[in-house]
Every structure is written in C-alpha cells, then in structure tokens.
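The residues making up each chain are set out below.
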Amino acid sequence: MTAYEAESDVLADPGRAGEPAAPLLEVADLEVSFPSEDGRVRAVRGLSYRVSPGEVLGIVGESGSGKSVSSLAVMGLLPPSARIGGSIRLRGQELLGLSDTELSRIRGRRVAMVFQDPLSALTPVYTVGDQIAEALLVHGGRSTTASTARNRAVELLDLVGIPNAAERVKAFPHEFSGGMRQRAVIAMAIANDPDLIIADEPTTALDVTVQAQVLEVLKTAQEVTGAGIVLITHDLGVVAGTADRVIVMYAGKAVETGTVDEIFATPRMPYTLGLLGSIPRLDVGRGQPLVPIEGQPPSLVALPPGCPFGPRCPLHEPACDAAEPELLPAPGAAPDHRAACIRTGELAAADAEGGELAAELFDAHVVEAEPVDSATRIDREVVLGVDRLVKHYPVRAGGIFRRQVGAVQAVDGVTFDVRAGETLGLVGESGCGKSTTIMEIMGLEPPTGGSIQVLGSQVEGLSRADRKRIRRDLQIVFQDPMASLDPRLPVRDLIAEPMEVQGFDKAHITRRVPELMKLVGLRSEQINRYPGEFSGGQRQRICIARALALEPKVLVLDEPVSALDVSIQAGVLNLLDELKARLGLAYLFVAHDLSVVRHIADRVAVMYLGKIVEIGGVEEVFAAPQHPYTQALLSAIPVPDPEVERRRERILLTGDLPSPANPPSGCRFRTRCQLFATLGADQQQRCIDVEPPRESALPAEPDAPVGAHLPDHDVACHWARIRTVV
Amino acid sequence: MTTTDVTGGTGKSVPTGGANPVDVPLDAIEAETEGVTRGTLVLRRFLRNKLALTGLVVLALLYAVSLTSPLFAPWAYDEYDYLSFLQPPSASHWFGTTQIGEDVFAQTMRGLQRSLTIGLLTAAISIVIASVVGACAGYFGGWVDRGLMWIVDLLLVLPSFLIIAVISPALRGSSWILFVLLLGLFAWMITARILRGMTLTLREREFVKAARFMGAPSGLIIRRHILPNMASLMIIDVTITVGSTILLETGLSYFGFGVQPPDVSLGTLIRDGSTAALTTPWLFLFAGGLLVVSVLAVNFIGDGLRDALDPNARRGRNVREDEDPEVEVERA
Amino acid sequence: MARFLARRLVNYLALCLVATFLAFALAALTFDPVGKLQARNPPPPQATIDAKRAELRLDEPIPQRFVLWLGDAVQGDFGRTVVNQSISEELPRRIGVSLRLFLLGTVVGIGLGVIVGVASAIRQYRFSDYAATFFSFVILSTPVFLLGLLLKYVALELNTAAGAQLLVFTGETTPGFQGGFFEALVDRVQHLVLPTLTIALGQIAYYSRYQRSAMLDVLGSDFLRTAQAKGLTRRKALFKHGLRTALVPMATLFAFGFGLLITGGTFTERIFGWYGMGDWLVYGIEQDDTNITATVTLFVAVLVLVSGWLSDVFYALLDPRVRLR
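No experiment lies behind these values; they were computed from the predicted model shown. (Residues numbered from 1 in each chain as written. Chains lettered and ligands numbered in written order. Predicted model: local features only at pLDDT ≥ 70, side-chain atom pairs only at ≥ 80, totals over all residues. Heavy atoms only, no water.)

J.: Residues and numbers for the overall build of chain C, please.
T.: Counting its secondary structure elements, chain C contains 14 helices and zero strands. When the helices and strands of chain C are placed in sequence order, the string is α-α-α-α-α-α-α-α-α-α-α-α-α-α. Sorting the 325 residues of chain C into buried and exposed places 55% on the buried side. Partitioning the contacts of chain C with sequence separation of at least 6, the portion at a separation of at least 24 is 73%. Chain C carries 30 positive and 23 negative side-chain charges, and their two centres are separated by 16 Å. (Helix = DSSP H or I, 4+ residues; strand = E, 2+ residues; numbered from the N terminus. Buried < 20%, exposed > 50% of the residue type's maximum accessible area, 1.4 Å probe, protein only. Contact = heavy atoms within 4.5 Å. Lys, Arg positive; Asp, Glu negative; His and termini not counted. Charge placed at Lys NZ, Arg CZ, Asp CG, Glu CD.)

What follows is the structure in structure tokens.
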C-alpha cells in the first residue's frame, strides 16, 4: 500500500514520545483464499497494516471477517490449500515464500502466537512444563540444556501467575483450568522474548474474571518483552481497554483504522458506528437503544462490486454499488484515521456522535416498558418461585456396585422468585450452577432439596397431566440456536412441535405458525425451510417463536444471545424487549454477560459456586454492588470506551473457581476474595467458619438511619460494603 | 476425490475406556451451508466421489446380472452337462465346468446372488436391532443401558464366526433364511454401541432437551429426533455390515457351516474349487474375483457415503474461519 | 489406576465364564455325537450307544454337565474328546501354534499398519496415499481363505521360478526334519512366512486405515498449530506431537483388531495345515465334540478379554488423562 508508506511516521505509536519507531511488522496487500464447495473463498482481500515495537494493535471484526486468517498468514500457519498473496515483512524481512524450516526459526523466537481455545491448544499427552521447555530448547541452541529449560519454564509459569509453579510444571494440560492453560500458552509465547506477539481471541473462551486476569498477564508479558502485540478480538470492550490502534475488518478487508480514541469517539464508517451502537453497555443500562444491523455479512465466494457492507448500511445509496470504496483518510479527523466509505464526510458533518448518532442512523429505539408492570413488585403474582433449591450430583467410584464417594454441590440453597411481567437476570461464571438451576426448574421433577413453584403449583406431587399443563406456561430458549433446532425438520414442524405435543388441532396449528413467525420477525414464506438455511440470529428467532407457541407466562432464556455476533445480538435483545412489553411475559434470563443483563433485566441475582451472593434491582446492584464478588465481576467487564477504561480500576480475582465437589468452608468466595485479604485475622476467621447468611443490604446513602435496610436488595457477605466499580 | 483442504479435524475427544472401533462422527448431525438443502449437498458430494460411484454401478450391475442370468445363460445351476467334465471356459460354458459337469457360470451367478442377498438382508436385520438397542440404551441410561451393554459385551467376547459355527449343525438341512436370521442376530453389536454413543450425545443436545421440556414422551423423542439424526450413521453402517456379512457368510460356507448344499454361495463354490486350485483355477477364480469385486464395491460405497453424509469429512469441506469456540465435552 | 484395571479384570472374568457357558450350552444342544455312531452300517448294538451316551454325559442336564466340565477344567482337565482322547494333553501344543501365529501377525500388523497409516496421512492425496488406500480396501474386501489361496498360488509360482522350495505352505515344520539349530530355524521360517503374511496383511490394512484417520484428525488440531507456533518445523511437530497423540485411539482399536485376527487365524491354520486352536474348533464342530468346542471357546474368550484388558493398559499408558483417574 503506497499510501501507507508515504506517511509512515504518522502511524508511529502515538503514546510514546520521541522519534517514530521503525515498523516491526508490515503487512501489505495481503490476500488469502481457500477452496470450498462453491468456489474460492476470498477470506482476506487486500489487507495492509503496520505494527511498531511496543504497540498494541487491535483487529476487530465479526465471524468470517478474515481477522484470524490474516494473523495465521503472518505466522505461516495456514493450511497448504490456502493461496496467499501480497507481502508480510518482519523488520524488513519478507516472510511470505520462506520455507517451513526458515519460518520455524522465526516462529516462537521473534513472532509468537496465543490462540483462542486454550483447551485444545496444548498437546494432551505431554506435561505443561515439557511443552514450555520445548519452546526454549527449539531456539536455545547448545547453551540451553534440558534442566535450564525446565527451570526457566518454572520461572515463566510463575511470571504468568500460576501459583506453586514448581509443582504445576509437572501437570498435564487436562489438570489445568481454561484460564491456567491460556496462561501456559502465554508463557510459551514469551519464552524466547519475541518481538511480536499475535493474540488471536485470547480471552473469548474464558470467563470475564479470568479474561481480566489473562489480559493483565498479556500486559505484563508485553512489559517484560517490550513486544508489539496484535490483538484479534470481536469484543470491542477488550480493544478499548488494551489497544493503542484499531483496525475494523469486514468481509476480509479493513474498513476503518485509527487510534483507539478516534475509532470509539468518532467512528467514520457506518459499520463501526453500528457495531459500537449494538453493544449493551454496562455503564448505561436500560435507556440505551441497541442498534441492530440487519442482514448478515456477504458470502466471500462471489462478492458483487461495490461496498460489501452496502446491503446492510442505512446510508446506502446507488453510488455505493459502483465500486468498493478505498480506505482513505477520513475528512475532519486525525490524519491516520481512515475509513472505507464514500459517505464518510456526511458522518463527520452530523451533529451527533457515537451511540446517539448510531441510534439515529440505524433507527433504533428504546422499548418503552408497559404500564402493566407499574404495580409494585410485592403486589404482582409470583410466577416462578425457587426456595432453597439444592441439586447435588453424586460422584461415583467402583465398578459393578458403584459407590458414591462424594457430591458435586452444583446448586446449594438457591432462593429467588420471578414475578409477573418482570425479568430476573441470573448471572455468574461457568460452573456457578446457573444452568443446573434452570435445568432443575425445567425438569419439573422434585429436586434434591428445597422446592420449586411454578405459577402457584409446587413441583412435588405433580401428576403427569399437571406437568404437561404447566409446561404450557413455562418455556425455554437455549443458548445455541443451531443445537436447539432439530436440523432435519422444517421451520413449520419445529414451531408446531410444542402444539402437537400438547394436542392442539391441526387447523389451529396451521393458523398459528405463520402468526408466530411474523411475531418474531420472520417471513412466513420461509415456513418450509430448514434451520441450516437460516443465519444465527434468525435461528434464535425460530427458537423464540417455538417457545411462544403455547403462549407461556414465563420464558426461561438460557444465554440466548451469547452465541451470536454482537450486531445480531442487538436485534434479538430488542425483540425480547418488545415481546415482553407486548405479551406481558416474565423472563428468567440466564447470562454470563452482565452488560446484557443490565440492558434487559429488572432484577439481578449473582451466583457463585451454587449460591446466590447478591440479589436485587438491577439499578441498585449495578450502581452500588455490595458483595465483593459482584464488584469483581462488574469491574472485570470491559466497557467499549477507551476513556472510561483508562479511568477504571480493575479488581483482579486470584486463582480459579474451587471445585464444587469440595467447596471452601464458611464463605465459599473467601479463597478468591479481594476483601478477605484486607481483613484482620479474627474477621477472616469468621469468613472461614461461618457461612454468611443472605441479609437485606444496607442502604447506599451514608446518612440513612441506623438499622435501615433496603427492602429488595440482599447480599450474603459478613463484611458487605459498597464499592462503585462501573 | 477432490483435492481440497487438509485441515478438517473432527475435534472429537478420544473415546475412553470402552473400546469403540469406528470413529463416531459426532457432527454427522449438523447440516450446513446456507441455501442448499442437505439432500442435494449429500448427493453432490457422493456423485463427485468417483470410486464410490463406480462401486455403486458395479454392485448394481452384478446384482442385476446375477438375478437375471437364468434368463439368458445357457445352463441352469443345477443342470449337469454329461458331455463336459472339468472343462476350462468355452463358448457354451462361459466359466467352464466342474468335475461332475455343472456349469460354473450358472453356479457362480447363483452363488453371487445368494451371497449378496444374504448380505443385504442381514444388514437390514442388524440395523433394526442395533438402532432399537442403541437408542434405548443411550436414551434411557441406567439399568436399561447397563443390561443391554452387558449383552453387547458378551456377544462381542465371542466372535460371531464361532457362535454361528457352533450352532451350524442345527442348520443342516434347513433353509438359508434361518442362516440369515442367525447372521443378523450376531451382526448388530458394534453398530449398537456406536449408535448408543451417538444417542448419548444427542440426548444432551438442546433440541432433544427442548422436546423433553415440551412434554414430549420418550418414544416420540426417539422416533422423531434421535433416530432421524442418526440416519447418516445408520446408512454408513448398513453398507459396512453388508460387506462384513458377505465375508463372514462366505467364510462360514467355506467351512460348510453356512449355506448348505444343494444351495450354493460364493463361499461353497470357492471351497469346492480350491481343492484343485492350482490346476483348475477357473473353478474358484471367478467366484473369488466376483466376491472381492462386490465387497470392494460395497466398501467404496460405504466410504463415499461417509464422506458425503458427514460434513466433517475432510474432502470438500467449507473452510470457515474463526470464532465459535467449540466446547469440548470430555466424555467420562 | 491399578484398581481400575483390576476392576476391569474381574468384570472380564465374569464375561469369560458366561461366554464359555453359552458356547457349551449351544454346542451341547445342537451337537449329536452319537448320531454318527448310530448311522454306522451295520448299526452298533444299543448297549454300545448307551455306553457312549453315558460316557459323554449326554443324558444329564446341560448346566450340570457344564459345572462338572468347568470343575475339572479349573484343575487343568478339559475332559476327553468324542473319540476318547485327552484334551489337556493336546491343548498346550495347539495353543503354542496359535499364539505364535497370532502374536507374530499382530506385531507385524500393528507395526506396518501404523507406519503405512501415518505415511498416508502425511502424504494425503498423493499417489502413495491413494495406492495405500486402494490396497487396504482390496485386502479388507478379500476373505482370508481367498487371500491364503492366492498367496499359495503366488508362492508356487515363486518356488517354480526359483527352482527351489523357498516357501512351504503346509504344516509348521517339515515332518521328521533333521538338522542343526540353524537349519531348523530356516525350516520354520520357510513355513512361517505365508501364514503370517496371510493374517498380517489384513491387520496392516485394518490398522493403517484407522491410523490414517486418527492422524488426519490430529493434523488439523490446535495443539499441532501451537507446536509449530513455538518454532517446531512441521515435520518435527507432526512426529513429536501429532503421532504421539494419534497413537492414543489405536490402543482401543487393538482389542477389536485382535478379535478380527482370531477369526482370520482359524482360516489360516486350516488352509496352511497348522494344527492350532482354530483348526481344532473346526474339527470339534465337525466331530460334534462339545468339550473341544468349549475349550476352544474358553481360549478365544480369554484371548479376546486379555486383548481388551491390554488395550486398557496401553490406553492408560498412552493417555495421561486416563492414567490419573
């Protein structure tokens, strides 16, 4: 890209004073294509970028935008069937065309990579220590012996924050949790002090608190090695908090680049604007209109001429289809801020900015709450009540006579209720028991302990017929819309299934299916299509239609948007908002993403290791979280705003989730609690001995009368205190 | 076979403990690629596989010829030509004659027809038993599972060759249909195991859970969701069973434990011909050659079907990049 | 781990017993050992037939016969044949013959199978891969008895071409062979090659197919990419990380491969005139001999289960994820 070379100095790291750094990595006109059923997929189409030493470049894009492929091209790790063109230069040395042996001298020593899925990134049959040591031995030459490599491996594990590294070095990957494995992969990446680290979605598969830890480790790794980092992610929040510069990719091309502040504050490409507007923000909540980007990314097999985002763009005009716009400096912005849009000037001229402009442009609205739920909470009917629910899974050993040797305490005394017309968000990280809780509810079987009450009926002692009747009012939408639709049935049969099971007559079903499809925003012509022919967002709409077929009163939503790309997620969230307002539904919304919960829920319950640690109105809990875990969880969630991110103080939890088969005594959170560490010895003793009861929280105002309690905000901590973290 | 990518890992975890002989394509369930229905996609993939297509054509031809041969062949299989004993192939006896003047062509066709029919029927019986046992064991779990799997284990301990051979004296003088039943009775175990494993994963799939949460009864769920979603695996397995049954049948017949005279199968023909194999090779070479060709054809069809039905097959797979971390379920 | 394996062993022993009983009962039900006696011409006197029936305990209930047989078998006496020979005397010799064949076939089969499979996977879609795949298919489609016959044919041609008896295809040694140790060894090897090849070919084809697909799975795995990312060449990553991991599923296959081998071994023994257990089984069934059948069944069940158990052991050795459970 000649335009780039002419202005190399403006691309230098803006954060560092002094002379501009020489480019560390220079990618120019990168083209990657793969063969497929329908023809060649042009996964990357002319991508150019540079990374300077010590700089963090964020590459953002949705699934299939080419961001991962481009980084694998840099590493020379694409499959042989890939066709690669253009140029990739590392400190001036051309990497394309090097032999595998030549590349292997560069990989791991000068360029290192951290992959997305830590679970499969390590060879299962070798110990973690051996695998790290191997990275040293490969590049170490004669001077590195097996024992020095092993010692260094221990140091590295220690550096990335694995406790008891000398012991853990002998562990096999399956004995490590996901977060620990990702740390081990980072340790491997920094082992040879590389110049460049490419991190491909390094935190996508991890929980938020672990994500925060890993990002911190990555930061440490950069400080230690002084390496440049290419951070590939779909999470704009992560980019906002970590990157210096950003490239937004769409359909295999960069559509906007600039410094992180420029991109987030004044995006100049409608796609970027839409993306930013589509993310629910932790610090805004209900009042934020979410921007859905209609349609889906184009197929990369036969791209029509013109802007690939055109069909989804609200600013689309005939001129957009003439030719694909170049990535040019955006008018009225900093010189290194470029956008590929012919109407970018109009965006600059608009009087609104950021989310406001996005909402205006994409015509997004806040769904108004219905007056139905204006009645006070206490007066509304309890549609779903869970009282001291316990679910233990036996851990068995032995052959023919399988003895029970312990129990996984998946859910241990959970109490909450959902009242008519409200949404309760049930949040927590993986392994906290939230899924078990809803499976217990949906199973309608008597639980191990405690009770479940659905629409006034206790689950115990239900007859078969009762259970079937209750199922009409209680429906579920699962996380993965592909997995929850039988791929062999057409949409009609899928939506009709609950009605058939409940014995509705044919005429009713035939009438109802198109109605439901319309309700969720699907065209009724698609009635005979199969789920495979729909996009992720549409599939989730089918699931919602199916769940609504019996006109239920309560809808359990199990992470309904977490498998979707952000731009599609917004559309589904808006639909759920709308349906709730129109049909007066009550939702039990299970999620790990607190920003989504903040957007959609009225109340929130935070779970940790099978227990609810804090529950209350969304506004109160988010504004004034009282439990240290809630605080840590909230603080771990990145906000897509670099300014806010820089100001925020992050609470980093130590370690991993303890095993639910053997939870800590007393307060289950104490082993990772940031507050616990600051307590005096006798106070700590109380945490160790006594399980904190769930009690009404104290009011936030300092001048509240002594003994006053919040009516609808419970917290389970001996030493609860408010700490604002958003 | 096309030359597309090499990246396709199925991402499945390694089976533990209980041995599982065939890699279970867990994701044979998935339909993909927008816009094209699954059926056309499968057909397109299958038709592109030259070997599989050839196999299909060859097998169909062989079976058709063997069925219709009495219409055009000059001799019947139980006819004797008292003028030609032990003659090499000629214009009137296409494959030659035996010591007692039987026409080898007619006998071979008869044997081929018998062997193929036995293979197909046995596979049909086997898949019915296997799908019922596999689906029930996997879906209901608990003691049903343990009981059924114990039976499977027991039957796997004894090679089916051995069991059938032991029972064979009872077959002397009875019809070959009984033999088919016997073969079917001992051919389903491995398939049942595979289907059980697949049911276990399907049972945890959300669309099955969704059906359960609608209140659908177990029988309906198995019929409507479990079995159809295992169809591709079942089809693949039927072809495998056809091939292995033909081998087993001919083997048993070779020892006289299978098809009983006066009926013939490829196995009995090869046995009869092999005594003087080195001097009169036409007695067994035609039967042997056709046996290998037909089993080979069946195997190529099976392989082609596997590639076509399993979207994770390495050939012709869409190279999709990044995202959607596949959660690896560790099977305990 | 040891407990896990011990538990498996107990379970297997139970299966062994039930399987043997099953075979015993089936044989006792279907066999008619005195039928041949009765069919003699002139027919023997009724007293002779009755004596034979009593000798063979034909009039006692089958479970009782089984228990009696088993009771003796535990003490090393497997009963007598229909023609009143001691089974226990012949047993060790026959087991030795069979095991030699099986073990050699397995070792050659696994060794070459793994090599062929790995080579195929690495050179996927090259000529050698297609060739290996095609030959595997042909061999897997050829019944063992046909393969044996064909090999005999080939050996005959070879011997004729060489003008000497290079390969021998009957028996395991030349009867009445005289000579020193070295000559005896050569004689053995001459007899060994064809039968071993007959069963090894099937094993090679079988293992190579699975090794190829296991290796292909590994080729696309993330950890292989990680290994390359840290600076291993593709070749080194393939062998150190790929092959080692791709061997794991082979451990479970081993048990099934062995089952296949036993059936194939029966044919091979029969065709090449090796008096092993498979040959004995066929003989036993032809003679309507329940005791021989039950003895061979027990042997087969033990073999299948030992191979299953070994399979577990290999699996545990190869995969740390199982080891620690």
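Continuing now.
J.: Can you tell me about the domain arrangement of chain A, naming the residues and giving the values?
T.: Bring the parts together and some accessible area is lost; that lost area is often taken as the interface size. All names here are of chain A. We note that the domain assignment places domain 1 (2-26 + 46-78 + 87-243), domain 2 (266-361), domain 3 (371-608) and domain 4 (620-715) within chain A. Each of domain 1 and domain 4 was reduced to a C-alpha centroid, and the two centroids are 33 Å apart. On the domain 4 side, the residues contacting the 15 residues of domain 1 number 16 residues. For the pair domain 1 and domain 4, the interface holds zero salt bridges. There are one residue pair in polar contact (both at pLDDT 80 or more) connecting domain 1 and domain 4. Looking at the side of domain 1 that touches domain 4, the elements that each hand over two or more residues are helix 9 (208-225) and helix 10 (236-242). (Domains from an automatic or database assignment. Salt bridge = Lys/Arg side-chain N within 4 Å of Asp/Glu carboxyl O. Polar contact = N/O pair within 3.5 Å; in protein donor to acceptor, adjacent residues only side chain to side chain.)

J.: Which residues make up the packing of aromatic side chains, and what values go with them?
T.: Taken as a whole and assessed by the stated rule, the structure comprises 29 aromatic pairs over all chains. Aromatic pair Phe24(C) and Phe66(C): ring centres 5.3 Å apart, planes at 65°, arrangement edge-to-face. Here Phe24(C) is found in helix 1 (residues 2-30), whereas its partner Phe66(C) is found in helix 4 (residues 62-74), with 42 residues between them in sequence. Like Phe66(C), Phe24(C) is buried. Ring geometry for Tyr206(C) against Tyr210(C): centres 5.3 Å apart, planes inclined by 65°, an arrangement best described as edge-to-face. Note that Tyr206(C) and Tyr210(C) are positioned in helix 8 (residues 181-219) at a spacing of four residues, about one turn of the helix. One exposure class covers both Tyr206(C) and Tyr210(C), and it is buried. An aromatic cluster is built from Phe161(B), Tyr254(B), Phe255(B), Phe257(B), Phe145(C) and Phe267(C), whose rings are joined through pairwise contacts. Over the ring of Phe272(C) we find Lys152(C); its NZ or CZ atom is 6.0 Å from the centre of that ring. (Phe/Tyr/Trp six-rings, centres within 6.5 Å; stacked < 30°, edge-to-face > 60°. Lys NZ or Arg CZ within 6 Å of the ring centre and 35° of its normal.)

J.: Outline the pattern of salt bridges, supporting the account with residue identities and numerical values.
T.: Under the counting rule described, the total for this entry stands at 53 salt bridges over all chains. Taking the shortest distance from any N to any O, the salt bridge between Arg650(A) and Glu645(A) comes out at 3.1 Å. Of the charged contacts in the structure, one is a salt bridge between Arg110(B) and Asp263(B), with a shortest N-O distance of 3.7 Å. Residue Arg110(B) is located in helix 3 (residues 104-140), and its partner Asp263(B) is located in the loop between helix 10 (231-254) and helix 11 (266-274); the two are separated by 153 residues in the primary sequence. The exposure class of Asp263(B) is buried, given its relative accessible area of 14%. Connected via shared salt-bridge partners are Glu90(C), Arg93(C), Arg94(C), Arg270(C), Asp279(C) and Glu286(C).

J.: Quick one: what's the story with the sheet that holds strand 10 (residues 253-259) of chain A, residue by residue and with numbers?
T.: Residue and element names in this part refer to chain A. In space, the eight strands of this open sheet follow the order 6-7-8-3-9-10-12-11, with mixed pairing throughout. Each of the sheet's edge strands pairs with one partner strand only, and the pair in question is strand 6 (111-114) and strand 11 (328-329). Looking at chain direction, strand 3 (residues 56-60) and strand 9 (residues 245-250) are connected through four bridges and run parallel. Residue pairing in the sheet places Leu57 in a bridge with Arg245 of strand 9. (Pairing = 2+ DSSP bridges.)

J.: Let's hear about the environment of Val144(B): which residues, and what values?
T.: Its place among the elements puts Val144(B) in helix 4 (residues 142-157). On the accessibility criterion, Val144(B) (22% relative accessible area) is partly exposed.

J.: Run through the pairing of strand 21 (residues 603-608) of chain A, naming residues and quoting values.
T.: Residues and elements named next belong to chain A. Most of strand 21 is tucked away, with six of its six residues classed as buried. Neither face of strand 21 is exposed, since Arg603, Ala605 and Met607 on one face and Val604, Val606 and Tyr608 on the opposite face are all buried. With four bridges joining them, strand 15 (residues 423-427) and strand 21 adopt parallel strand pairing. If you follow Gly425 over to strand 21, its bridge partner there is Val604.

J.: How would you explain the side chain of Glu201(A) if you had to name every residue and give the values?
T.: All names here are of chain A. Locating Glu201 in the fold gives a position in the loop between strand 7 (196-200) and helix 9. On the basis of relative accessibility, which here comes to 0%, the residue Glu201 falls in the buried class. Of the polar contacts made by the side chain of Glu201, one reaches the side chain of Thr204; its length is 2.3 Å. At 3.0 Å, the side chain of Glu201 forms a polar contact with the side chain of His234.

J.: Pulling in residues and values, what's your account of helix 9 (residues 222-229) of chain C?
T.: All names here are of chain C. Buried residues dominate helix 9, accounting for seven of its eight residues. Among the residues of helix 9, Asp222, Phe223, Leu224, Thr226, Ala227, Gln228 and Ala229 are the ones counted as buried. Looking at the residues trailing helix 9, positive phi occurs at Gly231, about 115°.

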